[in-house]
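Listed below are the residues making up each chain.
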Amino acid sequence: MPTSTADPIAALFRPFTIGRLTVPNRIVMAPMTRTHSPDGVPGRDVAAYYARRAEHGAGLIITEGTVVDCPASANSPAVPRIFGAAPLAGWARVVDAVRSAGGRIVLQLWHVGTDRKPGDLPNPSVPPVGPSGLSSSGEPVTAPMTQAQIDDVIAAFARGAAEAERLGFDGVELHGAHGYLIDQFF
Ligand SMILES: Cc1cc2nc3c(=O)[nH]c(=O)nc-3n(C[C@H](O)[C@H](O)[C@H](O)COP(=O)(O)O)c2cc1C
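**Looking at the pairing of strand β4 (residues 60–67)**
The buried fraction of β4 is high, at eight of eight residues. Following the backbone out of strand β3 (residues 28–29), through helix α2 (residues 44–55) and into the adjacent parallel β4, one traces a crossover that is right-handed.

**Points about helix α4 (residues 147–167)**
For α4, which comprises 21 residues, the first-to-last C-alpha distance of 30 Å matches the rise-based estimate of 30 Å (1.5 Å per residue) to within 8%. Looking at α4, one finds that the buried residues are Ile150, Val153, Ala156, Phe157, Gly160, Ala164 and Leu167. Seen along its axis, α4 keeps its buried residues to an arc of 120 degrees; they face one direction. Exposed and facing more than 90 degrees away from the buried side of α4 are Gln147, Asp152, Ile154, Glu165 and Arg166. Contact partners of the buried residues in α4: α3 (85–100), β5 (105–110), β6 (171–174) and α5 (181–185).

**Looking at the site of the ligand**
Taken together, Ala30, Pro31, Met32, Thr33, Gly65, Gln108, His175 and His178 make up the full set of residues adjacent to the ligand. Interatomic distance of 2.8 Å between a side-chain N/O atom of Gln108 and a nitrogen atom of the ligand. One of the side-chain nitrogen or oxygen atoms of His175 is found 3.2 Å away from a nitrogen atom of the ligand. Protein chains shield 42% of the accessible area of the ligand, which is 620 Å² for the free molecule.

**Some remarks on the side chain of Arg81**
Relative to the elements of secondary structure, Arg81 occurs in the loop between β4 and α3. Asp39 provides the closest opposite charge to the buried, unpaired Arg81, separated from it by 5.0 Å. Reaching out from Arg81, the side chain makes a polar contact with the backbone oxygen of Asp39 at a distance of 3.3 Å.

**Considerations on the sheet that holds β4**
Taken together, four strands build an open sheet; the order of strands is β3-β4-β5-β6 and the sheet is parallel. For this open sheet the edge positions go to β3 and β6, each flanked by a neighbour on one side alone. Across two bridges, the pairing between β3 and β4 is parallel. From the neighbouring strand, Met29 faces β4, where its bridge partner is Ile61.

**Observations regarding a nonpolar patch on the surface**
Together, Ile9, Leu12, Phe13 and Ile27 line one region of the surface with nonpolar side chains, adding up to about 360 Å² of accessible area. In this structure, Leu12 sits in helix α1 (residues 8–12). Judged by its relative accessible area of 34%, Leu12 is partly exposed.

**Comments concerning the packing of aromatic side chains**
Here the structure, examined in full by the defined rule, presents four aromatic pairs. Ring centres of Tyr49 and Tyr50 lie 4.9 Å apart, and the angle between their planes is 75 degrees; this geometry places the pair in the edge-to-face category. With respect to burial, Tyr49 and Tyr50 carry one shared label: buried. Centre to centre, the rings of Tyr50 and Trp91 are 6.5 Å apart; their planes meet at 40 degrees, and the pair counts as tilted. Of this pair, Tyr50 sits in helix α2 while Trp91 sits in helix α3, placing them 41 residues apart in sequence. Classification of Tyr50 by relative accessible area gives buried; the value is 0%. What links up through ring pairs into an aromatic cluster is the set Tyr49, Tyr50, Trp91 and Phe169.

**Points about the environment of Ala143**
Relative to the assigned elements, Ala143 resides in the loop between β5 and α4. Note: C-alpha distance between Ala143 and Gly133 (ten residues apart in sequence) is 4.8 Å.

**A closer look at the pattern of salt bridges**
In total, this model carries three salt bridges according to the counting rule given. One salt bridge connects Arg99 with Asp170, and the closest N-O pair in it is separated by 3.1 Å. Note that Arg99 is positioned in helix α3 and Asp170 in the loop between α4 and β6, a separation of 71 residues in sequence. Judged by its relative accessible area of 33%, Arg99 falls in the partly exposed class.

Thresholds applied
Residues numbered from 1 in each chain as written. Predicted model: local features only at pLDDT ≥ 70, side-chain atom pairs only at ≥ 80, totals over all residues. Heavy atoms only, no water. Buried < 20%, exposed > 50% of the residue type's maximum accessible area, 1.4 Å probe, protein only. Helix = DSSP H or I, 4+ residues; strand = E, 2+ residues; numbered from the N terminus. Right-handed = clockwise from strand over helix to strand, strands pointing away. Expected span 1.5 Å × (residues − 1). Arc of directions from axis to C-beta. Contact = heavy atoms within 4.5 Å. Near = heavy atom within 4 Å. Polar contact = N/O pair within 3.5 Å; in protein donor to acceptor, adjacent residues only side chain to side chain. Areas by Shrake-Rupley, 256 points an atom, 1.4 Å probe, with all protein chains shown as cover. Lys, Arg positive; Asp, Glu negative; His and termini not counted. Salt bridge = Lys/Arg side-chain N within 4 Å of Asp/Glu carboxyl O. Pairing = 2+ DSSP bridges. Patch = residues over 30% accessible without salt bridge, like charges linked within 9 Å, V, L, I, M, F, W, Y side chains within 5 Å. Phe/Tyr/Trp six-rings, centres within 6.5 Å; stacked < 30°, edge-to-face > 60°.

This is how it looks when you write it as structure tokens:
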């Protein structure tokens, strides 16, 4: 007999399937920025942090927003990256740790768009980019993106997704909310 309406607690522990991924319960960890990855490198502490969530039964982990390979994608040097040898090695360690703890993990891909302020690290001389060049409050902060800049960003998201697949992540999530680049297009 289905438990969905009669027993909501049991429903929480029923598996669900997304594409080729089956998640053993409905407990999904939301993506949460931590800025604990100096120079964009998720270290052993980050691997341990995610592995603890898997060990204690999170069905699926969505990582913190992880910036794609564009000079203007980040607004902090401690946000993890999905490009460069050291960040990729760091993410490989995270995936291994979560797998060893029996978990599943999806990487969130991120570009902050005009949420980046001029002078923000890690690339202080790089201006922010955004579809209209306006801040979320409507102030002009930069020139509207050109088609070539848009194409570069799309390619960077695609490279990030390919790296995630190569590293063994169960999928990627595109950060399309909270006023960042994709949301700015919306
Ligand atoms: C500290 C913190 C960092 C967050 N970072 C991200 C992030 O990197 N990516 C994202 O999509 N959402 C981020 N969020 C939003 C959460 O994933 C979530 O959507 C939000 O807390 C609302 O969840 P709720 O509806 O379950 O309360 C963050 C939230 C918090 C509290």
